[in-house]
Amino acid sequence: MPDTLSRQLSHDDIARRFTGCGRAETRAALTRALRAYQKAHCGVYGRYEYTYLPIAAFRQAAVACFPPEKAVRVFESSRTSEEAASRHYVRDLGLYDRAIRAGFLPVFGEGPFTLVAHLPGYAVQSSLVYMARRLIEWYGDAASGFFLEDLEVLERAIHHSTASGTPLLLLGAAFGLLDLVDAHQWVLPPGARVIETGGMKTRRRHITRPALHAQLADGFGIPCAQVWSEYGMCELLSQAYARGGSVYRPPPWMEVTIFDPEKVECPLPAGTPGVIGVIDLANVYTVSAIMTEDLGVERNGGFEVLGRLQQSDLRGCNLLLGNV
Amino acid sequence: MFDAIAQAAARWCAPGYAPRQHVVQATLQAPNRFTPEALAFAISQQMALLEADRLQAWIAQRRPLKPSTVGVFSAGNIPFAGLQDLLAVVCLGHRYLGSVSHRSPVLLPAFAAEAGLGAEFAGADEVWQQADAAIVTGTDDTRAWAESQAAHHGIARQRCLLRRHSYSAAVIDGRECAGERAGLAEDALLHEGLGCRSVALIWAHETLPLAPYLKSFARFRAVFPAHRDTFGRLATQRALLKALRVPHACGAGYLLSRGPPVPQAPGHIRWVPYRCLDDVIQGLAAHRARLQRVYAREGLMAQLPDCVKAEPLGAAQRPALEWQPDGVDTVAFLAALQETR
């Protein structure tokens, strides 16, 4: 039955249906159909002999099932001194919008929220900035918005949320948020939630996720359970959220598998750290199966992110990973 | 002390020496990428350096005014990483308190015990609690972690020797003899491309034929087969190169790709064509912050700028006792430790 289904599905069907694939069989059928379509239409993926395309491909080529010049938006990751930026050619922004909504709603609800975003170091072409803007448009009230140095935006949002009872959501890059709490002791209103999106765009320092959450909870005057995390990236259109802890729960159309970095697509059992592989069915017109450069571990039916698998980790020796 | 080290090293030089065999067996069972051949090479090469006179000349008269407890965090990516630190610390009269990587937990403690060095080994937390100076070798994340740990434990920054992530490069112009080509293969492949001295980038004159170098790589791999895990990693890399239509060449346990000077995964060597030596010099300058060493034939070494730490082809996996990672003299650092914390 699933095979029959996968043969019948077109990529446009998948684009319409991906958020509704609650059953494993349906998801498997969608995955197969999408892979067949992408292998046939994306040159780079068609030539790649395995399933999970290394994310590095997005830095080195146009990964798309359509002519890249027809993209309605190109999301770019930040560039490092050694590597080019990743580019995600988006044919249909509606897909991204649906993935954002369908991932956000079951976790946070419909709002309205006083939703403020602090994303220092992120460029306008970043997919995270786009996501934050859309969330503010859809679910934010009048006091919502972005801020960088202008801390009065946050102060006003706190005041407004306290006075109106509208829950406050503070979305921010992890180290940007840490800078905020380093500079001030904040007292967010009861029920406020902080969503850290990972990322070290502003500066690099070592901190574990539990320690990060503890510092943010302390600095914003909220319980640790109200510090949440978001896992997403330029190359993916979907996001996973960790609800007040470090275990991320992907939405039904996003499948996360941990792989042995030393072997070809060899899945690891729960509890064993490895490289995070993702199948994101929202990536209809690029490639849905991606081998990230993040280290993770499967735990309690979800996954934790342990850090970045960098060339330095591969070539050198990461003492920290030895302690996982 | 020097005599005890030299005598222990002399015993360990013999591959049939039972304690060495025991250590080799235990080390090969750890989750590392050591092969029996590469491990034997590394032990023999390192042990052969440890002659009493050489040790004496290396340490010379340098001594700290007051001994410290030096916490040493050694990497486990290549065999005997951290041996130089161990010897420097104990020979200068400091207390050595080491934390070894789970990838290579046996080699250093076993040799320290054999030589009667009085070195102590403990878990990371205990080392940080007791240390009043630190040497840390690892990735950028490890370095960041060490910086925060040192600050947390009140160890001043100038009492920490924190080594950064780095890699090495080679420059070739086609005038390399067969021995130098074999040396290049060893530089790039011996420890599966791991370690800061291993060659990750090869600047090669654009007219150079690849075949003689590939032949050297294949010959090297016939003697030093790749670790089984290397094949899996290279298979994915090769598939990606093929998909991206990046020119590449591969054989059993090695992979070369042609392109800009961007280091790839270990074992995957980037072949960077150049037109003239100025291109190379500019390229090396761009990588200066990350470049540990540059290897070239001796005639070519002389044409490289002084700021480049150049060594002859074939030297990468045969570091001298006194070699200075990141250009920092470990003995000088340890001799300068005077006041606690």
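Everything numeric here is computed off the predicted structure, so don't read it as measured data.

Draft legend 1. The arrangement of the sheet that holds strand β12 (residues 310-312) of chain B in detail. Residue and element names in this part refer to chain B. Ordered by their spatial adjacency, seven strands build an open sheet running β8-β9-β10-β7-β6-β11-β12, and the pairing between neighbours is mixed. Either end of the sheet is taken by a strand with one partner, and the two such strands are β8 (248-251) and β12. Between one strand axis and the next, the sheet turns by 25° as a mean value, whatever way the strands run. Where strand β9 (residues 254-258) and strand β10 (residues 268-274) come together, four bridges link them in parallel fashion. Bridge pairing in β10 links Arg258 to Trp271. Lying over the sheet, helix α10 (residues 211-223) contacts β6 (167-172), β7 (199-205), β8, β9 and β10, oriented at roughly 160° with respect to β9.

Draft legend 2. How the structure looks around the nonpolar core. Counting 93 residues, the largest nonpolar core has Leu53(A), Phe108(A) and Tyr231(A) as its most contacted members. Excluding residues within four positions of it along the chain, Phe108(A) makes contact with Phe113(A), Leu169(A), Arg193(A), Ile195(A), Trp228(A) and Tyr241(A). Ala9(B), Phe80(B), Leu92(B) and Leu108(B) belong to the second-largest nonpolar core, a separate cluster that totals 46 residues.

Draft legend 3. The arrangement of unusual backbone geometry in detail. With an omega of 0°, the peptide bond running from Gly111(A) to Pro112(A) counts as cis. Look at Glu265(A): it is not a glycine, yet its phi comes out positive at around 45°. Checked against the element boundaries, Glu265(A) lands in the loop between β11 (254-259) and β12 (274-280). Positive phi values are uncommon outside glycine, yet Glu192(B) reaches one of about 60°. Its location among the elements puts Glu192(B) in the loop between α9 (178-189) and β7. Classification of Glu192(B) as buried rests on a relative accessible area of 1%.

Draft legend 4. View of the confidence of the model for chain B. Residue and element names in this part refer to chain B. Chain-level pLDDT for chain B is 92 on average; 99% of the residues reach the 70-or-more range. Looking over chain B, one finds the lowest element-wise mean pLDDT in helix α8 (residues 140-152), namely 86, and the highest in α9, namely 97. This complex was scored by the predictor with a pTM of 0.86 and an ipTM of 0.84.

Draft legend 5. Looking closely at the sheet that holds strand β4 (residues 133-137) of chain B. All names here are of chain B. The strand order β3-β2-β1-β4-β5 describes an open sheet built from five strands, whose pairing is parallel. Where the open sheet ends on each side, the last strands, each with one partner, are β3 (120-121) and β5 (160-163). Here β4 pairs with β5 via four bridges, running parallel. Counted as the bridge partner of Ala134 is Cys160 from β5. Most of the contacts of helix α5 (residues 83-91) go to strand β2 (residues 95-99), to which it runs at about 155°, and overall it touches β1 (69-73), β2, β4 and β5. Each of β1, β4 and β5 is contacted by α8, which is oriented at about 165° to β5, the strand it contacts most.

Draft legend 6. Expanded view of the pairing of β6(B). Residues and elements named next belong to chain B. The buried fraction of β6 amounts to six of the six residues, a majority that puts the element mostly inside the structure. By the alternation rule, side chains of β6 split into Tyr167, Ala169 and Val171 and Ser168, Ala170 and Ile172, which are all buried. Sheet analysis places β6 next to strand β11 (residues 291-296), joined by four bridges and oriented parallel. Bridge assignment links Tyr167 to a residue of β11, and that residue is Leu291. Relative to β7, β6 is paired through five bridges, and the arrangement is parallel.

Draft legend 7. Summary view of helix α3 (residues 24-41) of chain A. When the terminal C-alpha atoms of α3(A) are compared, their 25 Å separation across 18 residues agrees well with the 26 Å that a helix rising 1.5 Å per residue should span. Three or more residues of α3(A) are buried, namely Thr26(A), Ala29(A), Leu30(A), Thr31(A), Ala33(A), Leu34(A), Tyr37(A) and Gln38(A).

Draft legend 8. Spatial organisation of the packing of helix α2 (residues 18-29) of chain B against helix α3 (residues 36-49) of chain B. Residue and element names in this part refer to chain B. Where α2 meets α3, the axes come as close as 11 Å, and the angle between the chain directions of the two elements is 135°. Considering their axes alone, α2 and α3 lie oblique with respect to each other. For the pair α2 and α3, the crossing hand works out as right-handed. Note on element contacts: α3 touches α2 through Pro36, Leu39, Ala40, Ile43 and Ser44, opposite Arg20, Val24, Thr27 and Leu28.

Draft legend 9. Focus on the pattern of salt bridges. Residue and element names in this part refer to chain B. Applying the stated criterion across every chain yields a total of 26 salt bridges over all chains. The partner of Glu192 in a salt bridge is Arg221, and the shortest N-O contact between them spans 3.4 Å. Of this pair, Glu192 sits in the loop between α9 and β7 while Arg221 sits in helix α10, and the two are 29 residues apart along the sequence. Judged by relative accessible area, which is 7%, Arg221 ranks as buried. In this structure, Arg275 and Glu206 form a salt bridge, with 3.5 Å as the shortest nitrogen-oxygen distance. Of the two residues, Arg275 is situated in the loop between β10 and α12 (277-286) and Glu206 in the loop between β7 and α10; the sequence distance between them amounts to 69 residues.

Draft legend 10. Main features of the packing of helix α1 (residues 2-12) of chain B against helix α4 (residues 52-59) of chain B. Residues and elements named next belong to chain B. Look at α1 against α4: their axes get within 8 Å of each other, and the N-to-C directions meet at 135°. It follows that α1 is oblique to α4 by the angle criterion. Where α1 crosses over α4, the handedness of that crossing is right-handed. For the pair α1 and α4, the contacting residues are Phe2, Asp3, Ile5 and Ala6 in the first and Ala52, Leu55, Gln56 and Ile59 in the second.

Cut-offs applied
Residues numbered from 1 in each chain as written. Chains lettered and ligands numbered in written order. Predicted model: local features only at pLDDT ≥ 70, side-chain atom pairs only at ≥ 80, totals over all residues. Heavy atoms only, no water. Pairing = 2+ DSSP bridges. Helix = DSSP H or I, 4+ residues; strand = E, 2+ residues; numbered from the N terminus. Axes fitted to C-alpha atoms, helices over the stretch in contact; angles between N-to-C directions. Contact = heavy atoms within 4.5 Å. Core = buried A, V, L, I, M, F, W, Y, C linked by side-chain atoms within 4.5 Å. Buried < 20%, exposed > 50% of the residue type's maximum accessible area, 1.4 Å probe, protein only. pLDDT = per-residue confidence, 0-100. Expected span 1.5 Å × (residues − 1). Parallel < 35°, antiparallel > 145°, perpendicular 65-115°, else oblique. Left-handed = near helix turned anticlockwise from the far one by under 90°. Salt bridge = Lys/Arg side-chain N within 4 Å of Asp/Glu carboxyl O.

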